[in-house]
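# Coordinates in review
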Amino acid sequence: MAVIVWGTHVFNSNKGFHGDKVKCPNCDRVYAPSYVKSAYWFHLEFIPLIPYKSTYFKACPICGYGVELKGKEGKAEVKELPEVTDQQFEPYVNHILANKPKGLLKTDNSFEFHVKDLTSGEDICVKQNMTKDNKYRVIVTNKSCLT
Ligand SMILES: [Zn+2]
């Protein structure tokens, strides 16, 4: 018996930074927002066949706070607003207790999420007290070390 696999798949693509630098209402950092496009496709046997929806996520490049835009709206903003090319970031995780013996801590929550601004050289700690299983998703609000 043949099994036909079908469903949907989302392709995310980075569209860069666009527009004026604005102050983030969540972390107070001032940067041009980043745009990420999500294209939703219907697939059959894992072969993408029909695109049926697209959205854009416009967000603060440091903490990820942002809004979802409809496909047309997001596409227009990316096309019309000038691309900002003097912003570069390097996200990384710092494991503070990496050299401590294992078994000492019940849960090792000494991971920190950082974003380094490669233009200014500033190292920004975004979130503390994370475990290795933490899923760093979009918005950082709890246990944030942003000031
Ligand atoms: Zn922010």
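Keep in mind that this is a model prediction, so the values were computed, not measured.

Of regular secondary structure, the chain possesses one helix and ten strands. Dimensions of the chain along its principal axes, counting C-alpha atoms only, are 50 × 50 × 25 Å. Contacts in the chain between residues at least 24 apart in sequence constitute 46% of all its contacts with a sequence separation of at least 6.

Right, let's get into the sheet that holds strand β1 (residues 6-18). With antiparallel pairing, the five strands of this open sheet are ordered in space as β6-β5-β4-β1-β7. Unpaired on one side and paired on the other, β6 (66-70) and β7 (83-84) mark the two borders of the sheet.

It is worth spelling out the domain arrangement of the chain at this point. Entries for the chain in the domain assignment read domain 1 (1-84) and domain 2 (88-147). The gap between the C-alpha centroids of domain 1 and domain 2 is 24 Å.

With ten residues, the main nonpolar core is built from Cys27, Ala59, Cys60, Ile62, Cys63, Phe111, Phe113, Val115, Val126 and Met130. For this core, the secondary-structure elements that each account for two or more residues are β9 (111-117) and β10 (123-130). If you tally residues by element for this core, the top one is β9, at three residues. Residue-level mapping places this core at the junction of two domains, with at least three residues from each of domain 1 (1-84) and domain 2 (88-147).

Our focus in this paragraph is the sheet that holds β10. Taken together, three strands build an open sheet; the order of strands is β8-β9-β10 and the sheet is antiparallel. The open sheet has two edge strands, β8 (89-95) and β10, and neither has a second partner. Across the sheet, the mean angle from the axis of one strand to that of its neighbour is 20°, orientation sign disregarded. In this sheet, β9 lies alongside β8 in antiparallel orientation, the contact comprising seven bridges. Within β9, the position partnered with glutamate 90 by the bridge is lysine 116.

Time to look at unusual backbone geometry. Unusually for a residue other than glycine, aspartate 28 sits at a positive phi of about 65°. Within the element layout of this structure, aspartate 28 appears in the loop between β2 (22-23) and β3 (30-31). A positive phi is found at asparagine 129, a non-glycine position, where the angle reads about 55°. With respect to the helices, strands and loops of the structure, asparagine 129 is situated in strand β10. Look at asparagine 129 and you get partly exposed, because 13 C-beta atoms sit within 10 Å.

Here the focus is the pairing of β10. Remark: a regular strand shows side chains that alternate across the two faces of the sheet. Pairing of β9 with β10 involves five bridges; the strand directions are antiparallel. In the sheet register, phenylalanine 113 faces β10, and the bridge partner there is lysine 127. Where β9 folds back on β10, the antiparallel hairpin that results is connected by five residues, among which glycine 121 adopts a positive phi of roughly 85°.

Parameters at a glance
- Residues numbered from 1 in each chain as written.
- Predicted model: local features only at pLDDT ≥ 70, side-chain atom pairs only at ≥ 80, totals over all residues.
- Helix = DSSP H or I, 4+ residues; strand = E, 2+ residues; numbered from the N terminus.
- Contact = placed C-beta atoms within 7 Å.
- Pairing = 2+ DSSP bridges.
- Domains from an automatic or database assignment.
- Core = buried A, V, L, I, M, F, W, Y, C linked by C-beta atoms within 7 Å.
- Buried ≥ 20, exposed ≤ 12 C-beta atoms within 10 Å, placed from the backbone.
- Axes fitted to C-alpha atoms, helices over the stretch in contact; angles between N-to-C directions.

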